Amino acid sequence: MRVSLLQRLTTFLRSPLFFWIIIGFFVVEALWMVFSALYPMAFDEDFHMGVIKIYAQQWSPFLTSQPVGADSFGALARDPSYLYHYLMSFPYRLCMSLFNSETATIIILRLVNVALFTYALLLFRRVLLGATSPLVVNTSLALFVLIPIVPQLAAHVNYDNLIMVIVAWTALLMQRFISEAQHKKIHASTVLWLGNIGLLACLVKYAYLPIFAATVLSMLYIAWRSMRGIPLKAIAAKHLVGLRRYALVGGALLTIVSGGLFFQRFGVNVITYGEPVADCGDVLAVEQCVQYGPWGRNYYLAQSKAESNESPLLYTGQWLWGLWLRLFFAVSGATNDFANYPPLPVPYYTMAALAISSVLLIIVFARKVFAGQLFVQWAALAIFLYSAALWLDDYQQFVETGQPVAINGRYLLPIMLLGMLIAARAWGALLARRQVVKVSLAALAIVLFLQGGGIMTFIVRSDPGWYWHNSVVLHVNNAAKKVLSPLLIEGTDHY
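Residues numbered from 1 in each chain as written. Predicted model: local features only at pLDDT ≥ 70, side-chain atom pairs only at ≥ 80, totals over all residues. Heavy atoms only, no water.

A. Seen up close, the environment of Y86. Note on placement: Y86 falls in helix 4 (residues 83-99). Residue Y86 is classed as buried on the basis of its relative accessible area of 14%. Expressed as a C-alpha distance, the spacing of Y86 and P148, which sit 62 residues apart in the sequence, is 29 Å. The residues touching Y86, leaving out its near neighbours within four places in the chain, are Y55, W59, S60, P61 and R93. In terms of polar contacts, Y86 uses its side chain to reach the backbone carbonyl oxygen of W59, at 2.5 Å. (Helix = DSSP H or I, 4+ residues; strand = E, 2+ residues; numbered from the N terminus. Buried < 20%, exposed > 50% of the residue type's maximum accessible area, 1.4 Å probe, protein only. Contact = heavy atoms within 4.5 Å. Polar contact = N/O pair within 3.5 Å; in protein donor to acceptor, adjacent residues only side chain to side chain.)

The following block contains the structure:
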C-alpha cells in the first residue's frame, strides 16, 4: 500500500497535468492581483506607465532631448532601458483610442504583462526539462509561483516581465548552442539569435548586461573547446552552418540594427559620460534630477549622511536579508505610501531553510553539480555575474547614502529558476537512490508553501485601501480573507 501511494504521488508530481495545474494556479493568482490591486502598485508601475505615455506621443524610439514634464522619470534621452516602454506604447495607443479610459488601459496592459510572464514559465519548463527530471521541473515551478512577489510582479506594468521571457529564450538558445558545439556543428542562426537577443535585451533593462556578458564568455569558451586546432576557413565552411544567403543577409541586417541601437545608448553614454549608464546628474541639472524618485532620495540622503560602518561583509548580511524579506512580504503602492506587512512565516522560513541548505550542498557536491555540465556552468556564471553586479550597485548606493536602499527581492526572479536547477542537482547528488525521500521532500515543500504562499499573502495581509475602489473587489477579497485566515499560520502582522 505504501509503495502504491508513493508511486501515485510520484506520477502526479512529475505529470504534465500537475504542470498545467501550476500554470492555472499562477494565472488565477496574477489575475487576482490585476483586478484587485489599486494602481499604481509598488514596483514602479507609475514610472513605467509614465514612460510608456511619453513614447506613445511619437513613432520614433529615439528621444533627442529631455521631454517637457518628464523630469520625474530621470534622464530619459540617455536611459538605455527603454525598449519595453517603446513596445508597450503601441498597445497603450490602441487601448486609449478604443476605450479612452485610463483604468481600462492599465488593466489591459497588466493582462499583457501576465501573458508575458506566463509565456516565460512555459519557456522555462522547456529549459528545465532539457537539464533535469519532470519531478524537479514541476516542484521548482510550483515553489516559484508560490513566492508571494511572483504573481504580484506578473500583474504589474513592469519591464521585468519581458526580461523573464528573454532570460528563458537565452537559456533555450544556450542549450541549443551547447548541443551544436558538442556535435561540432554550430549553426550561424543560433549565434545570431543569441547575439541579437542579448543586444536588444540590454535595451529592455540594462541589468541584463551581466547575463549577456556570461553568455558571450560561455559561447567563446565552448566554441574554443569544440573547435581548437581547426583552421578558421574550416570552421566557417563546416561548423558555422545553417543559413542560406537570404537568411544571412537578414541576420546581418538585424545585427546592424540591434548593434546600432545598442551603441546609440550604451556606446554614446560611454563616449560622452564615461559610463554605459549615465548618471542623471551628468545629463540634467540637479533641480531636474531631484524630481526623479530614486535619484532624489539618494541625493538628499547623501546630504544628511552620518558616519556609518561601511563594511562590505556587514552590508552583505543586510542585503541578503532585505532581498529575502522582499520576496515574501506584502506591499502596497504609492497611493498608500508603500505600506507593507511581514511575510507569512511558514513559506518564508521554509524557503530560507531550502536556500541555506542548497548553498551548502552545492559547495559539498560541487564536482557532481558542475563537472561536464556546460549549461549548468553557464547558468552559474550568469547568476554570479548578475548577483555581483546587483550587489555592487546596491553597495555603492549604500556608501553614497549611508542607508541600505534599493534592495528588492524581485530583482532575483529572472535568475531564480536557473538557481533552482543548480540546487536540484545538489539535492539529487545527496539523495541519489533515495527516491522515497526525494518525492516526500518535494511534496512537503509544496505543502509548506501552500501555508500562505503566492496570492494568499496578499489576500491575508492587505487592507481595503490596497484595492481598486470597487465594491465587488472589496467583497471578494474580504470573503477570501475570511476563508483563508483560519487555515493559515499568520504570525505577527507588524514588524
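B. Main features of helix 21 (residues 435-449). The end-to-end C-alpha distance of helix 21, which contains 15 residues, comes to 21 Å, matching closely the 21 Å that a straight helix rising 1.5 Å per residue would cover. If you check which residues of helix 21 are buried, you get V439, A442, A443, A445, I446 and F449. End-on, the buried residues of helix 21 take up no more than an arc of 155°, which puts them together on one face. (Expected span 1.5 Å × (residues − 1). Arc of directions from axis to C-beta.)

C. Looking closely at the packing of aromatic side chains. Within this structure, the stated rule accounts for 28 aromatic pairs. When the centroid spacing of 5.0 Å and the interplanar angle of 75° are considered together, the rings of Y348 and Y349 count as edge-to-face. Look at W391 and Y395: their rings are 4.9 Å apart centre to centre, the planes differ by 5°, and that puts the pair in the stacked class. With W391 and Y395 both in helix 19 (residues 374-401), this residue pair falls four residues apart, about one helical turn. Each of the two residues, W391 as well as Y395, counts as buried. Chaining the aromatic ring pairs together yields one cluster made of Y55, W59, Y82, Y86 and F90. A cation over an aromatic ring shows up here: R125 above the ring of F19, its NZ or CZ 4.3 Å from the ring centre. Geometry around Y82 places R265 over its ring, the cationic atom sitting 4.0 Å from the centre. (Phe/Tyr/Trp six-rings, centres within 6.5 Å; stacked < 30°, edge-to-face > 60°. Lys NZ or Arg CZ within 6 Å of the ring centre and 35° of its normal.)

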